[in-house]
Amino acid sequence: IPYVRGRSRSRNKEDILKEINNLVQNGYKEIVLTGIDMSSYGLDLNEKITFSDLIEEILQKTNNLYRLRISSLEESQIDEKFIDLLKNNQILANHLHMPLQSGSASVIKNMNRKYNIPSFFEKISKIREIRPDISITTDVIVGFPGETEEDFQETYDFCKKINFSKIHVFPYSDRIGTVASKRKDKIDPKTKKDRVNRLLSLSKLLEEEYSSRFYGQEIEFLCENYDSKLQAFVGHSSNYLETKIFSNKNIVNEVVRLKFDKENKLDFWQCQNLKIPN
């Protein structure tokens, strides 16, 4: 896929800072950094800068930013500077999405990934030392050519060990021109479907366990949009818990504080429950 997409291209730092400041000045409360292969940020620029350097500059040079969220973070981007920024800046969302793809060492090697399973576990352990309640979600590809039942079980067990708050599961599919697409040891569709369902069941269990840790707590939610079908506002917390809110006034882009409990976890909040912080 990287051959088809071409080399990574980084946006100029000053352009990014300018856009973020313009958005914040126009009332936007949450900024999301997104891209493909963000671990390569800065490698093609004349100025020596890493992704962690970019985050540091955003935090230092943006006034009145409520929340900075990172859409997806490779294990290789978790350096000491990033750990320090996460420790000392509550503006950084309490949620990280870190693609695992597989918890099997042999499959990771066949995928030609740039990390290994022990280092992945070590990075997450460091993150949880400074933010014990952080939500860590991931992507997993099942049925990669050559993946045995033992390989899949390693992935299943590793996801359980990491205790992700959610797993996005994708069955492997061929991409023309890739090395994997030319392999002869493809996994049959029935086996892939079975493995997807097993991992999704684990994901549902882990998601429920994570959410239950916050029952009874008052949590701030940023209302992001209005769902006309549900006739309710939808919002997310820093750690990406979701709620839906009934209100007789427009609260899009408002921060509201709500009590999170089992009955209302993903249900409707009545207008009288709303408390908008000063």
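For clarity, every value in this text was computed on a predicted model and none was experimentally measured. (Residues numbered from 1 in each chain as written. Predicted model: local features only at pLDDT ≥ 70, side-chain atom pairs only at ≥ 80, totals over all residues. Heavy atoms only, no water.)

### Focus on the sheet that holds strand S3 (residues 95-97)
Phase 1 of the analysis: Strand order across the open sheet formed by three strands is S3-S4-S5, with parallel pairing between neighbours. For this open sheet the edge positions go to S3 and strand S5 (166-171), each flanked by a neighbour on one side alone. Averaged over all neighbouring strand pairs, the angle between strand axes comes to 15°, with direction disregarded.
Phase 2 of the analysis: Bridging between strand S4 (residues 135-142) and S5 involves six bridges; their strand directions are parallel. Within S5, the position partnered with Ile-141 by the bridge is Phe-170. (Pairing = 2+ DSSP bridges. Helix = DSSP H or I, 4+ residues; strand = E, 2+ residues; numbered from the N terminus. Axes fitted to C-alpha atoms, helices over the stretch in contact; angles between N-to-C directions.)

### With respect to the packing of aromatic side chains
Phase 1 of the analysis: Evaluated as defined, the whole model comprises nine aromatic pairs.
Phase 2 of the analysis: Where Tyr-115 meets Phe-120, the ring centres are 5.9 Å apart and the plane angle is 45°; that geometry is what we call tilted.
Phase 3 of the analysis: With a relative accessible area of 0%, Phe-120 lands in the buried category.
Phase 4 of the analysis: Ring centres of Phe-144 and Tyr-172 lie 5.4 Å apart, and the angle between their planes is 75°; this geometry places the pair in the edge-to-face category. Linking Phe-144 in the loop between S4 and helix H7 (149-162) with Tyr-172 in the loop between S5 and helix H8 (189-212), this pair joins segments that are 28 residues apart in sequence. The same class applies to Phe-144 as to Tyr-172, namely buried.
Phase 5 of the analysis: A network of ring pairs unites the aromatic residues Tyr-115, Phe-120, Phe-158 and Phe-164 as a single cluster.
Phase 6 of the analysis: The ring of Phe-121 has Lys-161 sitting right over it, with the charged end atom 4.3 Å from the ring centre. (Phe/Tyr/Trp six-rings, centres within 6.5 Å; stacked < 30°, edge-to-face > 60°. Buried < 20%, exposed > 50% of the residue type's maximum accessible area, 1.4 Å probe, protein only. Lys NZ or Arg CZ within 6 Å of the ring centre and 35° of its normal.)

### Some remarks on unusual backbone geometry
Phase 1 of the analysis: Positive phi, close to 70°, is recorded for Gln-101, a residue that is not glycine.
Phase 2 of the analysis: If you trace the backbone, Gln-101 turns up in the loop between S3 and helix H5 (105-111).

### A look at the side chain of Ser-102
Phase 1 of the analysis: Looking at the secondary structure, you find Ser-102 in the loop between S3 and H5.
Phase 2 of the analysis: On the accessibility criterion, Ser-102 (1% relative accessible area) is buried.
Phase 3 of the analysis: A distance of 3.2 Å separates a polar atom in the side chain of Ser-102 from a polar atom in the side chain of Thr-155.
Phase 4 of the analysis: Ser-102 has contacts with Val-107, Ile-108, Met-111, Ile-117 and Thr-155, leaving out every residue within four places of it along the chain. (Polar contact = N/O pair within 3.5 Å; in protein donor to acceptor, adjacent residues only side chain to side chain. Contact = heavy atoms within 4.5 Å.)

### Some words on the packing of helix H2 (residues 13-25) against helix H3 (residues 51-61)
Phase 1 of the analysis: Put simply, H2 and H3 touch, their axes get as near as 10 Å, and they point 40° apart. Our classification of the angle between H2 and H3 gives oblique. Taken as a pair, H2 and H3 cross one another with a handedness that is right-handed. Where H2 abuts H3, its residues Lys-13, Ile-16, Leu-17, Ile-20 and Asn-21 lie against Leu-54, Glu-57, Ile-58 and Lys-61.
Phase 2 of the analysis: Among the residues making up the contact of H2 with H3, the classes are represented as five nonpolar, one polar and three charged. (Parallel < 35°, antiparallel > 145°, perpendicular 65-115°, else oblique. Left-handed = near helix turned anticlockwise from the far one by under 90°. Nonpolar A, V, L, I, M, F, W, Y, C, P; charged D, E, K, R; others polar.)

### Some words on the packing of helix H4 (residues 80-88) against helix H6 (residues 117-130)
Phase 1 of the analysis: Across the interface, H4 lies against H6 with an axial gap of 9 Å and an inter-helix angle of 25°. Comparing the axis directions of H4 and H6 gives the class roughly parallel. As H4 runs across H6, the sense of the crossing is right-handed. Contact residues: Glu-80, Ile-83, Leu-86 and Lys-87 in H4; Lys-126, Ile-127 and Ile-130 in H6.
Phase 2 of the analysis: Broken down by class, the residue content of the contact of H4 with H6 amounts to four nonpolar, no polar and three charged.

### Here's the deal with the confidence of the model for the protein
Phase 1 of the analysis: Predicted confidence across the protein gives a mean pLDDT of 89, with 92% of residues reaching 70 or more.
Phase 2 of the analysis: A low-confidence stretch, residues 265-278 stays under pLDDT 50, and its non-local contacts, those more than four residues away or across chains, total 44 contacts. (pLDDT = per-residue confidence, 0-100.)

### A closer look at H6
Phase 1 of the analysis: Between the first and last C-alpha of H6 there are 21 Å, a value that for 14 residues agrees with the 20 Å anticipated at 1.5 Å per step.
Phase 2 of the analysis: By the burial criterion, the buried members of H6 are Ile-117, Ser-119, Phe-120, Lys-123, Ile-124 and Ile-127.
Phase 3 of the analysis: Sitting at the head of H6, Asn-116 places a side-chain oxygen 2.8 Å from the backbone nitrogen of Ser-119. (Expected span 1.5 Å × (residues − 1).)

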